[in-house]
Amino acid sequence: MTAPQRMSVKFYFDELSVDVEEFIPVFHRWIRENVVPNELLLDVADYKHIIDGPAILLVGHEADYVIDLTDGKPGFLYVRKRDLGVDLPEALATTLAQALNSIRLAETDVELQGKLKLRTDAAKIVLLDRLNYPNQTPNGSGSNDAGQTAQSQLAENLGVLFGENVTVTRVENDAREPLTFELNAPAAPDVDTLLGRL
Amino acid sequence: MANIGWKDILAEEMPLDMAHEIDIFEGQMELMGQGKLDEKVFAETRLRRGVYGQRYDNGQRHDGFESRELEFEEIERIKGPDTIWHAPGMQRIKVPGGGLTAEQLDVLAQVADEYSDGILHVTTRQDFQLHFVHIEDTPDMMRRLASVGITTREACGNSVRNVTCCHLAGVCQTEVFDATPYSEAFAQFLLGHDDVQDFGRKFKPAFSGCESEACGLVMMHDLGYLAQVREVDGKQQRGFKVYVGGGLGTVPHQAKVLSEFTPEEEILPEAQAVSRVFARLGEKRNRNRARIKFLVAKLGIEEFRRLVIEERKTLPHDDRWTAYLETLPHYEEKPTRPPTFLNGQVSSAGFQQWFETNVYAQRQEGYSVVTVNLPLGDLTSQQTWVLSDIARKYVGDNVRTTVEQNIVLRWVSDSDLPSLYEELNAIGLGDAGAGTVVDITACPGTDTCKLGIASSRGLAAELRTRLTAKSASLPDAIKDLKIKISGCFNSCGQHHVSDIGFFGNSRRSGNFKMPHFQVVLGGMWRENAGSYGLAVGAVPSKTVPDVVDTITSRYVEERAKGETFQEWIGRIGKKEARSLIQPYMKLPDFEQQPDYFSDWGDPRVFSLGDIGIGECAGEVVSLFSMEIATAESEAFEAQVALDENDPARADSLAYASMVKAARALVRTQFLDVGDSPDRIVEEFKTRFFDTELFFDQYAKGKFGQYLFDRHQSPNPSPDNDAAHRLIEESLLFIEATHVCESKVGGNVLIEI
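Residues numbered from 1 in each chain as written. Chains lettered and ligands numbered in written order. Predicted model: local features only at pLDDT ≥ 70, side-chain atom pairs only at ≥ 80, totals over all residues. Heavy atoms only, no water.

Observations regarding the overall build of chain A
Here's step 1: Looking only at helices and strands, chain A has four helices and eight strands in total.
Here's step 2: Helices and strands appear in chain A in the N-to-C order β-α-β-β-β-β-α-β-α-β-β-α.
Here's step 3: Compactness check: chain A gives a C-alpha radius of gyration of 16 Å against a globular reference of 16 Å for 198 residues, within 12% of the reference.
Here's step 4: Seen through its principal axes, chain A has C-alpha atoms that stretch 50 × 30 × 30 Å.
Here's step 5: Counting only residues that meet the buried cut, chain A has 59% of its 198 residues in that class.
Here's step 6: For chain A, the separation between the mean place of its 18 positive charges and that of its 31 negative charges on side chains is 2 Å. (Helix = DSSP H or I, 4+ residues; strand = E, 2+ residues; numbered from the N terminus. Rg over C-alpha atoms; globule rule 2.2 N^0.38 Å. Buried < 20%, exposed > 50% of the residue type's maximum accessible area, 1.4 Å probe, protein only. Lys, Arg positive; Asp, Glu negative; His and termini not counted. Charge placed at Lys NZ, Arg CZ, Asp CG, Glu CD.)

The following block contains the structure:
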């Protein structure tokens, strides 16, 4: 399957003992110190006035980093916007690698260290591309359903990373929303282990 | 499904003209990429598609210590003067009169989460804006919007911007009549009209149903319409009091009365005449003096009026002037539910507070307008989908945006109000305080605007938080005050017409700059932005919450019974008003108060280094340049059609490109040539061919003959070779048109 135009992965906070506002100076410093390899970081957007929304955004050229409070589940959301590769497995690998790298950056950041911890046994993956990945109800035969094909490809590739017993469940959301999957793994490998497997 | 795009999928859903315009824009993007379009022409072209610049798109960003280069790929590739192609930008989306359907909300939410950061922002002129959009995504975004009837055409640039209309029109208790269908007809008539393509600056119209409320804010618009009814021969006649030459900006102007009463059948031709006078006599070189307000001020309203009346007499008749009037008797909004009443239903604690501020009783009994109070005008894609479902359930397509950056749901059956409130509250959109002191308006400011000096949104968020926290204890006199904030003197936050307004500027203290806000007091929101406030002095940004406290406390202490804030400011005078803020005007040193040297929500040491060249004014490019660019795009589309093995379409587009080029040339002398190919070719022949102005030194009239041949003898079934030849001829014809235009100087001489 062709790479989606955009793809996001959200890892949920296990611990967060810092106000979201405190990410603003951290993100500005990340821009100044150019801490993300192979990505151009541009600006910080403050949306904390929106209830249950993307509170603080680090906007980049290739990707956005979001302290995301949507659905009442605070998490660290990575949205890959460009250069996703040629197919879905490559897009997944790129997105996950950069997302995990950003988790490591956040967890080890000089100002955030010890104040947050992200879970790696669960994540939300979204394919933001309604042209190639329309969020249609499965038709039963499975032959034309982008969702089903994407789900099996994601499960196959995530199994390599998170172990055989990983489950990838398609979220039964509204058809207007993008195609969304929940990842659940029986264990929570640490970030370095996951990055090593990529 | 390989290579199938939105263009193919939505081909049947998009109106043909909108689809074609988007194809043309996409072609122009490609031509720009190939270096075949002038950067200024392309900049104005994309602005007229609503594709706007954004902060840092010149590739520079101040990180608090120094200005650094943002290393975009293909850094040399640009989309306008000093604007990098790959830098994200803003997409403005026109919403005439703020009117939206539930389906349109769905698609807006989808394009926001696929092409921007998933935030929809409502502007002070009822538009939507999406930020951090890549230019290469814009054609598909436009197609998806076009599929539900939304255009971005002329959302920016030197053109007729969104036509605003009171969000209560049609249900208002005090209106003379519903101005909505008139504003819609006006918007449709002037969209892409020939006579509005040669303005030196933007042009903002507004419609209002009544004089005393804020409604359409007609007094601060370039062209404003106030509904009126008069009696003629015992019959009621509808019309409008027409205002011209209002505007905020750096130097605010109150609009002048162009006409005490323009009957409904005359509003469109009169607007066309105004447009022609503005296009002909308005300033083109100095964009700081190019709005129509300066022309009206320079000529005087009497002379301006005389010119408009004279111009009106010369206009060739257009059936569209009155065609829409036939549909007026059938114009109506339909509620989805029958009228009901609130009869003591049990409701939550928050409901009553919300009901007091966010619910307006319509003149139609049993129905209300609900204001969805959007913090800073923002909502997420996810909220928008639920909101569209709420709309479907309770009001259908009766949704509008407002100039106070909110959304209203009209025709809510009253007994539905408690459940509607609960559903809004569940998605974080149940904030009370709509239209009160906590409902603060702010332009994007330094968040995303290239011109922003100080953080208007950061300040608005801070004030909103503080005032909301104490809203229950605020005296009634303060509750209904308006606070409006602009990030710079350009007034996009409409600070001139608020009780307490602010616009961003800066002051130096030692070696550092400090973000400041100029305090503007006593503007009037009511009476259609009836008067402008007094600038009394600038205070450090971080002191503004205390400044608001000080001013409002004094007002509460000193106001006479029933005295409005404007009246109080008028009574105490500018000197005393200034003395109120004087204690805050003293600038601390950096060492004393370092937090004063950064802005709200932005920890970087404050700098003016990120201010770029604004695109509000668009690029002043000649009418010919804009029109010939369209011809070139048609020729480009012809080549694409040929590549797709569609010679008939290629032939047709190549011919159309020649006609458009000829038209562009003819219109340098004769604006009213119209769209008929026969007329265009005839005028071209008389003016440029027979006079030999079009002749090449060596080829003589050969290039012009290409047009005549194809016009007189179209090929009924062109093959690829024939189409290819015609494309080559069209390119030569367009080149010759450029040469001819530069030879004759492109003077626009009006000749009717």
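That covers the picture; the talk isn't over yet.
Points about the interface of chain A and chain B
Here's step 1: Listed as interface residues are 34 residues of chain A and, on the opposing side, 45 residues of chain B.
Here's step 2: Each partner contributes to the roughly 3400 Å² buried at the junction of chain A and chain B, and carbon and sulfur atoms together form 54% of this total.
Here's step 3: On the chain A side of the interface with chain B, the three residues burying the most area are A:Arg32, A:Leu131 and A:Arg176, jointly 21% of the side's total.
Here's step 4: For the interface between chain A and chain B, the tally reads six salt bridges.
Here's step 5: With a shortest N-O distance of 2.9 Å, A:Arg176 and B:Asp106 are connected by a salt bridge.
Here's step 6: One can count 19 residue pairs in polar contact (both at pLDDT 80 or more) joining chain A with chain B.
Here's step 7: Within the residue set of the side of chain A that touches chain B, elements represented by two or more residues are helix H1 (23-33), strand S2 (41-46) and strand S3 (54-60) of chain A.
Here's step 8: Of the residues in the side of chain A that touches chain B, the class split is 16 nonpolar, six polar and twelve charged. (Contact = heavy atoms within 4.5 Å. Buried area = accessible area lost by both parts, 1.4 Å probe. Salt bridge = Lys/Arg side-chain N within 4 Å of Asp/Glu carboxyl O. Polar contact = N/O pair within 3.5 Å; in protein donor to acceptor, adjacent residues only side chain to side chain. Nonpolar A, V, L, I, M, F, W, Y, C, P; charged D, E, K, R; others polar.)

Observations regarding a negative patch on the surface
Here's step 1: Together, B:Asp8, B:Asp643, B:Glu644 and B:Asp646 make up a negatively charged patch on the protein surface.
Here's step 2: Its place among the elements puts B:Asp8 in helix H1 (residues 6-9). (Patch = residues over 30% accessible without salt bridge, like charges linked within 9 Å, V, L, I, M, F, W, Y side chains within 5 Å. Areas by Shrake-Rupley, 256 points an atom, 1.4 Å probe, with all protein chains shown as cover.)

Notes on the packing of aromatic side chains
Residue and element names in this part refer to chain B.
Here's step 1: Under the definition given, this model contains 38 aromatic pairs over all chains.
Here's step 2: Consider the rings of Phe-694 and Phe-733, whose centres lie 5.2 Å apart with planes at 40°: the pair is tilted. With Phe-694 in the loop between helix H21 (677-689) and helix H22 (702-712) and Phe-733 in helix H23 (residues 720-744), this residue pair connects regions lying 39 residues apart in the sequence. Like Phe-733, Phe-694 is buried.
Here's step 3: Connected via pairs of aromatic rings, a cluster forms that spans Phe-177, Tyr-182, Phe-186, Phe-207, Tyr-225, Phe-240 and Tyr-324.
Here's step 4: Cation over ring: Arg-312 sits above Trp-321, and NZ or CZ is 4.6 Å from the ring centre.
Here's step 5: One Lys or Arg, Arg-710, reaches over the ring of Tyr-655 and ends 4.4 Å from the middle of that ring. (Phe/Tyr/Trp six-rings, centres within 6.5 Å; stacked < 30°, edge-to-face > 60°. Lys NZ or Arg CZ within 6 Å of the ring centre and 35° of its normal.)

Considerations on the confidence of the model for chain B
Close reading of the predicted structure is inappropriate where its pLDDT is low.
Here's step 1: In the predicted model, chain B carries a mean pLDDT of 92, and the fraction of residues at 70 or more is 98%.
Here's step 2: Below pLDDT 50 for its whole length, residues 747-752 of chain B participates in 17 contacts with residues either more than four positions away or in separate chains. (pLDDT = per-residue confidence, 0-100.)

Things to note about the domain arrangement of chain B
Residues and elements named next belong to chain B.
Here's step 1: Per the domain assignment, the segments making up chain B are domain 1 (6-146), domain 2 (172-330), domain 3 (349-426), domain 4 (441-603) and domain 5 (623-744).
Here's step 2: Here domain 2 and domain 3 have C-alpha centroids that lie 31 Å from each other.
Here's step 3: Taken together, the contact between domain 2 and domain 3 spans six residues of the former and six residues of the latter.
Here's step 4: Buried surface at the junction of domain 2 and domain 3, both sides included, amounts to about 510 Å², of which 38% is carbon and sulfur. (Domains from an automatic or database assignment.)

Side note on empty space enclosed by the protein
Here's step 1: Applying the stated rule across the entire model yields three cavities of 30 Å³ or more.
Here's step 2: The volume enclosed by the largest cavity comes to roughly 70 Å³.
Here's step 3: Around the largest cavity, the lining residues are A:Leu42, A:Asp43, B:Gln54, B:Arg55, B:Tyr56, B:Asp57, B:Phe72, B:Ala87, B:Pro88, B:Phe132, B:Asp447 and B:Thr448.
Here's step 4: Here the residues of the lining of the largest cavity sort into six nonpolar, two polar and four charged. (1 Å grid on protein atoms, 1.4 Å probe; cavity = no way out; pocket = protein on both sides within 12 Å on 5 of 7 lines; lining within 4 Å. Points joined across faces, edges and corners; volume = space filled by probe spheres on them.)

Looking at the pairing of strand S9 (residues 128-133) of chain B
Residue and element names in this part refer to chain B.
Here's step 1: Buried residues dominate S9, accounting for six of its six residues.
Here's step 2: Sheet analysis places strand S6 (residues 89-93) next to S9, joined by four bridges and oriented antiparallel. Its bridge partner lying in S9, Gly-89 is registered against Val-133.
Here's step 3: The hairpin turn running from strand S8 (residues 119-122) into S9, its antiparallel successor, is five residues long, and Gln-126 in that turn takes a positive phi close to 70°. (Pairing = 2+ DSSP bridges.)

Regarding the sheet that holds strand S13 (residues 235-244) of chain B
Pairing between the strands of a sheet comes from backbone hydrogen bonds, and it takes one of two forms, parallel or antiparallel.
Residues and elements named next belong to chain B.
Here's step 1: The five strands lie next to each other as S10-S11-S12-S13-S14, forming an open sheet whose pairing is mixed. Both edges of this open sheet fall to strand S10 (164-165) and strand S14 (256-263), since each of them pairs with a single strand only.
Here's step 2: In the sheet, S13 pairs with S14 via five bridges, with the strands oriented antiparallel. Considered in S14, the bridge of Tyr-243 is made with Val-257.
Here's step 3: Sheet strands touched by helix H6 (residues 180-190): S10, strand S11 (205-208), strand S12 (223-232) and S13. Its angle to S11, the strand with the most contacts, is close to 165°. (Axes fitted to C-alpha atoms, helices over the stretch in contact; angles between N-to-C directions.)

Topic: the nonpolar core
Across soluble globular proteins, nonpolar side chains have a tendency to be buried as a group.
All names here are of chain B.
Here's step 1: With 63 residues, the main nonpolar core has Phe-128, Val-370, Ile-407, Leu-409 and Leu-424 as its most contacted residues.
Here's step 2: In terms of residues, this core owes the most to one element, helix H2 (residues 16-33), which gives seven residues.
Here's step 3: Non-local contacts of Leu-409, meaning those with residues more than four positions away in its chain, are made with Ser-368, Val-369, Val-370, Val-372, Leu-387, Ile-390, Ala-391, Val-395, Asn-398, Val-399 and Leu-420. (Core = buried A, V, L, I, M, F, W, Y, C linked by side-chain atoms within 4.5 Å.)

Concerning unusual backbone geometry
Residues and elements named next belong to chain B.
Here's step 1: Within the chain, Gln-126 stands out as a residue other than glycine whose phi angle is a positive 70°.
Here's step 2: Secondary-structure assignment places Gln-126 in the loop between S8 and S9.
Here's step 3: Residue Gln-126 is classed as buried on the basis of its relative accessible area, which comes to 1%.
Here's step 4: Unusually for a residue other than glycine, Asn-645 sits at a positive phi of about 60°.
Here's step 5: Within the secondary structure, Asn-645 is located in the loop between helix H19 (623-643) and helix H20 (647-666).

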